[in-house]
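The lines below spell out each chain.
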Amino acid sequence: MTNFSEQLQHDDPEFARLFDRFAFEETAGPCNLDGKTRHLAILAALIGCQGIEEYRAALPMALERDVTPVEAKEVVYQATAYLGIGRVYPFLTATNEILRSKGISLPLPPQGTTTPENRRERGTAVQVEIFGPHMEDFWKAGDMNRFLAANCFGDYYTRTGLNLKQRELVTFCYIAAQGGCESQLSSHAAANLRMGNDRDFLARVVLQLAPYLGYPRSLNAMAAVNQAAGQQAK
């Protein structure tokens, strides 16, 4: 199950065994996530924390098991809205290299569903579905809010390939992994709850990601989940 290269397994066998036991046995078992969810969360987290070498090892494993090429690409594309192209571009290049190495023809079939004329309106509709009716006029509050509606949600969330529950999940993973965005992390924890990714599910996702995020960011993510669940219960 190891993601480590043969060279690292040779040079650091004790560490490789230690990490593998934690990542693939101790956390994977109790978390009890289905394979697709587990791999989507890990891929999103690795993009978020800029773990390009581990991503190169994790993506082939995901493709061999439960994640389709379209789903993998959508995780990368959507990350651009949360990390920026400077941090996402190396992952897009790596993804294309890995897909080609598996004999998968590029480009993949288009997944877009909006036009330049309706992307803002469609994006606002998605925001309302995810966050609630108070988002109806959010786009009117300034250029950044309009960009969020039209670009982040209109260009990306309206695409096929991943459903809205999956898109909110991977967004939560991007934000948790990059750190320093606790306000947005709390907001998207709450959005996940609204979309049906309940507190127990999100807690299991965070536990699964602990080997990839480290404890400070994992604890922050768990705190955001608990806070959102507590507010939802009121």
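Shown above is the structure to which this text applies.
A brief structural summary. (Residues numbered from 1 in each chain as written. Predicted model: local features only at pLDDT ≥ 70, side-chain atom pairs only at ≥ 80, totals over all residues. Heavy atoms only, no water.)

**Section: the overall build of the protein chain**
Secondary structure summary: the protein chain contains 13 helices and zero strands in total. Beginning at the N terminus, the succession of helices and strands in the protein chain can be written as α-α-α-α-α-α-α-α-α-α-α-α-α. In terms of overall dimensions, the protein chain is globule-like: its C-alpha atoms have a radius of gyration of 18 Å, near the 17 Å expected for 234 residues. If you line up the protein chain on its principal axes, its C-alpha atoms span 55 × 45 × 30 Å. Counting over 234 residues, the protein chain shows a buried share of 48%. For the protein chain, restricting intrachain contacts to residue pairs at least 6 apart in sequence, the fraction spanning at least 24 positions comes to 70%. Measuring between centres, the 23 positive side-chain charges of the protein chain sit 4 Å from its 26 negative side-chain charges. (Helix = DSSP H or I, 4+ residues; strand = E, 2+ residues; numbered from the N terminus. Rg over C-alpha atoms; globule rule 2.2 N^0.38 Å. Buried < 20%, exposed > 50% of the residue type's maximum accessible area, 1.4 Å probe, protein only. Contact = heavy atoms within 4.5 Å. Lys, Arg positive; Asp, Glu negative; His and termini not counted. Charge placed at Lys NZ, Arg CZ, Asp CG, Glu CD.)

**Focus on the nonpolar core**
Ranked by internal contacts, the top residues of the largest apolar core, which has 68 residues, are Y55, V75 and I130. For this core, the element with the highest residue contribution is helix α10 (residues 164-178), accounting for nine residues. Apart from the residues within four sequence positions on either side, Y55 is in contact with L43, L46, I47, P60, V76, F91, A94 and T95. (Core = buried A, V, L, I, M, F, W, Y, C linked by side-chain atoms within 4.5 Å.)

**Re a nonpolar patch on the surface**
Taken together, the side chains of M144, F147 and L148 define a hydrophobic patch exposed on the protein surface, amounting to about 300 Å² of accessible area. The residue F147 is located in helix α9 (residues 143-157) in this model. (Patch = residues over 30% accessible without salt bridge, like charges linked within 9 Å, V, L, I, M, F, W, Y side chains within 5 Å. Areas by Shrake-Rupley, 256 points an atom, 1.4 Å probe, with all protein chains shown as cover. Salt bridge = Lys/Arg side-chain N within 4 Å of Asp/Glu carboxyl O.)

**Some points on the pattern of salt bridges**
A full pass over the atoms with the stated rule returns nine salt bridges. Here R159 and E74 are joined by a salt bridge, their closest N and O atoms 2.9 Å apart. In this pair, R159 is assigned in the loop between α9 and α10 and E74 in helix α6 (residues 69-83), connecting sequence segments 85 residues apart. The same class applies to R159 as to E74, namely buried. Measuring nitrogen to oxygen at the nearest pair gives 2.8 Å for the salt bridge that ties R119 to D155. Placement of R119 in helix α8 (residues 119-131) and of D155 in helix α9 is noted, with a sequence separation of 36 residues between them. Look at D155 and you get partly exposed, because its relative accessible area is 24%. Among the charged side chains, a network of salt bridges with common partners joins E74, R159 and R167.

**A closer look at the packing of aromatic side chains**
Under the criterion given, the structure shown has six aromatic pairs. Aromatic side chains Y55 and F91 sit 5.2 Å apart centroid to centroid with 85 degrees between the ring planes, which places their arrangement in the edge-to-face category. Linking Y55 in helix α5 (residues 52-65) with F91 in helix α7 (residues 85-101), this pair joins segments that are 36 residues apart in sequence. For Y55, a relative accessible area of 1% translates into the label buried. Of the residues examined, F91 reaches a relative accessible area of 1% and is grouped as buried. Each member of the aromatic cluster is reached from another via a ring pair, and the members are F15, F19 and Y212. The cationic tip of R120 hangs over the ring face of W139; the distance from NZ or CZ to the ring centre is 3.8 Å. (Phe/Tyr/Trp six-rings, centres within 6.5 Å; stacked < 30°, edge-to-face > 60°. Lys NZ or Arg CZ within 6 Å of the ring centre and 35° of its normal.)

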